[in-house]
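# Inside the fold
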Amino acid sequence: MIKVQKQKINISEENKKLLKKKIGAVVNFIGVARPKNSSGKIQYIEIEHYPVMTEKKIKEIEIYVTKKWKLNNCIIIHRYGKIKPGENIVYVGTAAQHRNNAFRACEFIIDYLKVKAPFWKIEQQKNKKIFVKSKKKDEKKIKINY
Amino acid sequence: MKIIYFSWLKETLGTSEENIKPPANIKNIDNLIKWLSTKSTKHRKVFLKSKSIRCAINHQIVNKSSKIKNKDEIAFFPPFTGG
């Protein structure tokens, strides 16, 4: 299941959907907005995305990881809009028969979301707006795995 | 042809989209970037950084040699920073 939404993610509700009788492991990843970075305090971040393409790219990865790591279930939720420090940004939940598959799939999805899904972050500081740049190490990571 | 801009490109141009009618000799993304660069100083400023700009045609990531058609939706944006 995938969702791209403005509102906060209800983590416990989503996690409950993964806890079914036939599975052996559930892994949750929650991305959280930081209160500061190396250049200063962040008032809020703003996430922009490209509707239709975003859903398409996330769906692609959901299908890919479900098959590759034999997942029983997979939930990917990414927020957009204004997000305050401490609030969740993204939720990835994977359920599988064995923990190794659930871990690998979860890690792969979040790496993918960083560089392959059309989201852009802006950090709003007191007197300046910073367009967050993608990191080379993140791009390299997904090239190796995908 | 619909052109959509995201992130700092949108900010620099002051608009998120525009409808354009490029001349017939504009056949691919590279031609389009060069043509758009001549539209205004803001466009020039944006496309001067064309090496760091990515592109999609109808929601599909493409490279700069990809062919374009009149009814395409073309998006320009910087590398993604989700997650």
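Below: a short report on this structure. (Residues numbered from 1 in each chain as written. Chains lettered and ligands numbered in written order. Predicted model: local features only at pLDDT ≥ 70, side-chain atom pairs only at ≥ 80, totals over all residues. Heavy atoms only, no water.)

### Points about the overall build of chain A
- When helices and strands are tallied, chain A shows four helices and ten strands.
- Counting from the amino terminus, chain A carries its helices and strands in the arrangement β-α-β-β-β-β-α-β-β-β-α-β-β-α.
- Overall size of chain A, expressed as C-alpha extent along the three principal axes, is 50 × 30 × 30 Å.
- Look at the contacts in chain A between residues 6 or more apart in sequence, and 76% of them connect residues 24 or more apart.
- Accessible area for chain A stands at about 8,300 Å²; split by element, carbon and sulfur atoms hold 52% of it.
- Where the 35 positive side-chain charges of chain A centre and where its 13 negative ones centre are 3 Å apart. (Helix = DSSP H or I, 4+ residues; strand = E, 2+ residues; numbered from the N terminus. Contact = heavy atoms within 4.5 Å. Areas by Shrake-Rupley, 256 points an atom, 1.4 Å probe, with all protein chains shown as cover. Lys, Arg positive; Asp, Glu negative; His and termini not counted. Charge placed at Lys NZ, Arg CZ, Asp CG, Glu CD.)

### With respect to the pattern of salt bridges
Residue and element names in this part refer to chain A.
- By the definition in use, this model includes twelve salt bridges over all chains.
- Between K17 and E14 there is a salt bridge, and its shortest N-O distance comes to 2.9 Å. Of the two residues, K17 and E14 are both situated in helix 1 (residues 11-18); the distance of three residues between them amounts to about one turn of the helix.
- Relative accessible area serves as the criterion here: at 5%, E14 is assigned to the buried category.
- K59 serves as the salt-bridge partner of E62, at 2.6 Å between the closest nitrogen and oxygen. Here K59 and E62 lie together in helix 2 (residues 53-68), a separation of three residues that amounts to about one turn.
- With relative accessibility at 38%, the residue K59 sits in the partly exposed group. (Salt bridge = Lys/Arg side-chain N within 4 Å of Asp/Glu carboxyl O. Buried < 20%, exposed > 50% of the residue type's maximum accessible area, 1.4 Å probe, protein only.)

### Points about the interface of chain A and chain B
- With 26 residues of chain A in contact, the opposing surface of chain B contributes 21 residues.
- When chain A packs against chain B, close to 1,900 Å² is buried across both sides, 57% of that on carbon and sulfur atoms.
- For chain A, the biggest contributors to the area lost against chain B are Y50(A), W120(A) and F131(A); these three give 35% of the whole.
- Counting the contacts that link chain A with chain B gives two salt bridges.
- Between K129(A) and E11(B) there is a salt bridge, with its nearest N and O atoms 3.1 Å apart.
- The tally of links between chain A and chain B comes to 13 residue pairs in polar contact (both at pLDDT 80 or more).
- Elements that contribute at least two residues to the side of chain A that touches chain B include exactly strand 5 (44-49), helix 2, strand 8 (88-96), helix 3 (99-116), strand 9 (119-124) and strand 10 (129-131) of chain A.
- With five residues, helix 3 of chain A is the single largest residue contributor to the side of chain A that touches chain B.
- Classifying every residue of the side of chain A that touches chain B by side-chain character gives 15 nonpolar, three polar and eight charged. (Buried area = accessible area lost by both parts, 1.4 Å probe. Polar contact = N/O pair within 3.5 Å; in protein donor to acceptor, adjacent residues only side chain to side chain. Nonpolar A, V, L, I, M, F, W, Y, C, P; charged D, E, K, R; others polar.)

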